[in-house]
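Each chain, letter by letter, is given below.
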Amino acid sequence: MNKYFPYIASIVFICTSCTDENVTEYVPTPIALEIPQLFEDNIIAPVIPLDNPQTIEGIALGKKLFFDPILSGDNTQACADCHTPENAFSDASRFSDGIDGRLGNRNSMPLFNLAWNYNERFFWDGRAFSLEHQAFQPVTNPIEMKATWVDVSSKLQQDQDYPSLFDQAFGTSTIDSILVTKAIAQFERTLISANSRFDQYLLGQINLTSEELEGFNVFMDETRGDCFHCHGNANNPLWTDNIFHNNGLDAIITDLGLGKISGDPANNGKFKSPSLRNLAFTAPYMHDGRFNSLDEVINHYSEGLQNSTTIDPLMKKVAQGGVHLSAQDKSNLKAFLLSLSDESFINNPNFKNP
Amino acid sequence: MKKIVSIFLICMLFVSCNSDNDDPPTSVSFNFTHNWDGTNVTNSEFNTIQYTNANGQALSIEKLRYLISNITFRKVNGETTVINAYNLIDVTNNTNLIYTLPNEMLTGHYINVSFTFGFNNDDNYQNYTDLNSASWNVPAQLGGGYHFMQLEGKFIDNASAQTGYAYHCIRAVDNSGAQQVFQDTFFTVDLGEVELKNNASIVINMNIAEWFKNPNQWDLNLLGNMLMPNFNAQVMMHDNGQNVFSLGELIP
């Protein structure tokens, strides 16, 4: 037996050597998210799926896809048409129109800090789990981009640039919907907003006006604005809890929101708390874009609350119609809310159509 | 002679094993369960008005989450092990109901196991990224730090209307004067003695009804909302919390 050992060892060695030489697996260039200091200091790490790590090539591909109308059925509409950078990736129209001009019934959600949505439920009604799965839906939605993934994949495959870009991003030039949505999700995770005046104030870089500071007090005061339970605080720079609430918009609920998705009537009329960042750019407001101005939003919580069976217990003053802020408190609260808007985010060249 | 050596070695082996196994370390988990005067409560029972508090008010639960910290084990010789950690139990989302200690414990007899409901003052004013991410903070106007509990739902008020309540526990603060005056409202929950065996699981029962019962019969018409800035309400919650928790089953 021993006399065969050198031969066996040699064969094993040769095989091993051959394996090493022949397999040169392509690996795209990893790149970490640039986590803002306030996020690093105060909240837990962003959600990045193990099967879709951030890479330079993946992000670049995702950005190109995000701005490319090739994803729509008639090549006329890109993701960016309803998620415009100047509107913090929301839509200035109450309802977005699809390629056939049909309107939906929800206001386009702004896109930023999405990697910190820890429960990973996306859309106003939470119907998609994970950013990758979210990106699947608008492409095939008949009132939005109205395409099929078979057609989209085919168009991308026949394009002169995309096969090589997918190869660089994922190590394969065979394009499918999974890789398209992975690339878009990578780009979307880079949409980070953390440079508002209030952020700069928290970092000790600037002073706020007295109106902004007093507005923050109104926001944090349980007996006045009482906004913090759902919209965060200075230690939670997301300015949302990313949870679903019935915030007293309607006495009779016709759009069931989370209730339609979960099938639980206790969730009827519940929609995700949006972040209060970038409100200066994201009008109109609420899931159905019913309020055109921040004044209308503040008036809703102050005097316009409607009771219903699923209203959130945190809408504590619903019996009185709202929290009844003074005119001064309203004005100050608005000043504070606007201090959460981030001009550098909407003007970031990395986030614009190349 | 060979036989004697073998026997000696075998004996040594047993002696060694015995020494090692005196108090072998084990993982320990706490299983937080909830009931309403003995009726099991999970998030499946949420959102339906089906409980009646000591004041005779029918109510539902829509949200329940609370913080415990500093689980402490004490041996008969006075040796004390404090687990310097915390756990945010979220019954609404069914998370952290089972909490495995970050450190192993030695098996054996402990004359007392306890934990802190909420945070003591040293712990309360640290910065915790996971609790911030859960929007668990208390506004600076109310002293800062963190919530100890959020219990929310609906009740039938004295006008027979369905009304929300938000029973939020924090450190009591009196803002009526020029300076904030605080009163501690965290408290120690003594569970009594336990015998820790391998892979021990300790069941902790919370009787939610007790928050409304003893010594303060809770009237949600008067104390249903805006309780965080209500110093007296916070002290009353602290008092009512004393009989909320009990030691349940110990497995194995």
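Residues numbered from 1 in each chain as written. Chains lettered and ligands numbered in written order. Predicted model: local features only at pLDDT ≥ 70, side-chain atom pairs only at ≥ 80, totals over all residues.

### Regarding the packing of helix α13 (residues 294-303) of chain A against helix α14 (residues 327-338) of chain A
Residues and elements named next belong to chain A.
Here is step 1: The N-to-C vectors of α13 and α14 enclose an angle of 125 degrees; their axes lie 10 Å apart at closest approach. Considering the angle they form, α13 stands oblique to α14. Where α13 crosses over α14, the two elements pack in a sense that is right-handed. Contact with α13, carried on its side by Leu 294, Asp 295, Ile 298 and Ser 302, involves Lys 330, Leu 333, Lys 334 and Leu 337 of α14 and no other residues of that element.
Here is step 2: Residue classes in the contact of α13 with α14 are distributed as four nonpolar, one polar and three charged. (Axes fitted to C-alpha atoms, helices over the stretch in contact; angles between N-to-C directions. Helix = DSSP H or I, 4+ residues; strand = E, 2+ residues; numbered from the N terminus. Parallel < 35°, antiparallel > 145°, perpendicular 65-115°, else oblique. Left-handed = near helix turned anticlockwise from the far one by under 90°. Contact = placed C-beta atoms within 7 Å. Nonpolar A, V, L, I, M, F, W, Y, C, P; charged D, E, K, R; others polar.)

### Structural notes on the interface of chain A and chain B
Here is step 1: Listed as interface residues are 24 residues of chain A and, on the opposing side, 23 residues of chain B.
Here is step 2: Breaking the side of chain A that touches chain B down by element, the ones donating at least two residues are α10 (210-220) and α11 (228-231) of chain A.
Here is step 3: A per-class count over the side of chain A that touches chain B returns eleven nonpolar, nine polar and four charged.

### Focus on the environment of Asp 342 of chain A
Here is step 1: Mapped onto the elements, Asp 342 of chain A comes out in the loop between α14 and α15 (343-346).
Here is step 2: Taking C-alpha positions, Asp 342 of chain A is 24 Å from Ala 78 of chain A, a pair spaced 264 residues apart along the chain.

### A few points about the domain arrangement of chain A
All names here are of chain A.
Here is step 1: Domain boundaries in chain A define domain 1 (37-192) and domain 2 (197-345).
Here is step 2: Put simply, the middle of domain 1 and the middle of domain 2, counted by C-alpha atoms, are 26 Å apart.
Here is step 3: Opposite the 26 residues of domain 1 that make contact, domain 2 presents 28 residues.
Here is step 4: Class assignment for the residues of the side of domain 1 that touches domain 2 results in eleven nonpolar, ten polar and five charged. (Domains from an automatic or database assignment.)

### What about the packing of helix α5 (residues 131-140) of chain A against helix α8 (residues 177-189) of chain A?
All names here are of chain A.
Here is step 1: Contact pair α5 / α8: the axes reach a minimum separation of 8 Å and the direction vectors enclose 115 degrees. Looking at the two axes, α5 sits roughly perpendicular to α8. Like other packed secondary-structure pairs, α5 and α8 cross with a definite hand, here right-handed. Two secondary-structure elements touch here, α5 through Leu 131, Glu 132, Ala 135 and Phe 136 and α8 through Ser 177, Thr 181, Lys 182, Ile 184, Ala 185, Glu 188 and Arg 189.
Here is step 2: Looking at side-chain class alone, the contact of α5 with α8 contains five nonpolar, two polar and four charged residues.

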